[in-house]
Each structure stands twice: as C-alpha cells, then as structure tokens.
Amino acid sequence: PVARAGSASDIKDKLEATQELRNTNIQVNKENGKNILSGAVHTHKEKFLAGSVARSVEGSGIVVNQLVVK
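Thresholds, definitions, all that
- Residues numbered from 1 in each chain as written.
- Predicted model: local features only at pLDDT ≥ 70, side-chain atom pairs only at ≥ 80, totals over all residues.
- Heavy atoms only, no water.
- Helix = DSSP H or I, 4+ residues; strand = E, 2+ residues; numbered from the N terminus.
- Rg over C-alpha atoms; globule rule 2.2 N^0.38 Å.
- Contact = heavy atoms within 4.5 Å.
- Lys, Arg positive; Asp, Glu negative; His and termini not counted.
- Charge placed at Lys NZ, Arg CZ, Asp CG, Glu CD.
- Expected span 1.5 Å × (residues − 1).
- Buried < 20%, exposed > 50% of the residue type's maximum accessible area, 1.4 Å probe, protein only.
- Arc of directions from axis to C-beta.

Things to note about the overall build of the protein chain
A tally of regular secondary structure across the protein chain gives two helices and four strands. Sequence-ordered secondary structure for the protein chain, helices as α and strands as β, is α-β-β-α-β-β. Its C-alpha atoms give the protein chain a radius of gyration of 11 Å, within 12% of the compact-globule value 11 Å for 70 residues. In terms of overall dimensions, the protein chain has a C-alpha envelope of 35 × 25 × 15 Å along the principal axes. For the protein chain, restricting intrachain contacts to residue pairs at least 6 apart in sequence, the fraction spanning at least 24 positions comes to 57%. Across the protein chain, 10 positive and 7 negative side-chain charges occur, with their mean positions spaced 5 Å apart.

Next comes the structure, spelled out in structure tokens:
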C-alpha cells in the first residue's frame, strides 16, 4: 500500500536526507492524526531544524516536537 502524503515515513525520509541531522536519532510516530517527533538531538538548532523539516513535508499536518537536546 502507498502511504498517504505527510506520513511518518515521508517525514523520517526527509529528516534522514537533511545533512545537518545525519548523526541524530529521531523517531516519527503518528498519534491521533499528529506526527510526533521523539528522540535526541545534540543542539537546540537541530531540534528547531527537525521541526521545520517535518512541517515542510506536504500534508504533514500537526507536528509535535518532543525532541530532547543532549
């Protein structure tokens, strides 16, 4: 089956393709129609970037950024 636009896997693919986020461990889960980002990043800049990248995915809808800066 083809995933709908803005699926968690679309967002994960785009995050993994983002050079600045290569060495991070970000999970994307769909919960109650929202895309939840979880895991750890190294800087606040990476956290902000990950949220921006996720929201830039067509049809991503509501993105909740729960990333932890470590």
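Further notes follow.
Re helix H2 (residues 44-56)
Side chains of residues three or four places apart in an α-helix project in the same direction, reflecting 3.6 residues per turn. Taking 1.5 Å per residue as the helical rise, H2 with its 13 residues ought to reach 18 Å, and the 18 Å between its terminal C-alpha atoms agrees with that figure. Those residues of H2 lying buried are Glu46, Ala50, Gly51, Val53 and Ala54. For H2, the angular spread of the buried residues around the axis is 165 degrees, confining them to a single face. Away from its buried face by more than 90 degrees, H2 exposes His44, Lys45 and Phe48. Lining the buried residues of H2 we find helix H1 (8-16), strand E1 (25-31), strand E2 (34-41) and strand E3 (63-65).

Read these as layout, nothing more, since geometry by itself doesn't imply function.
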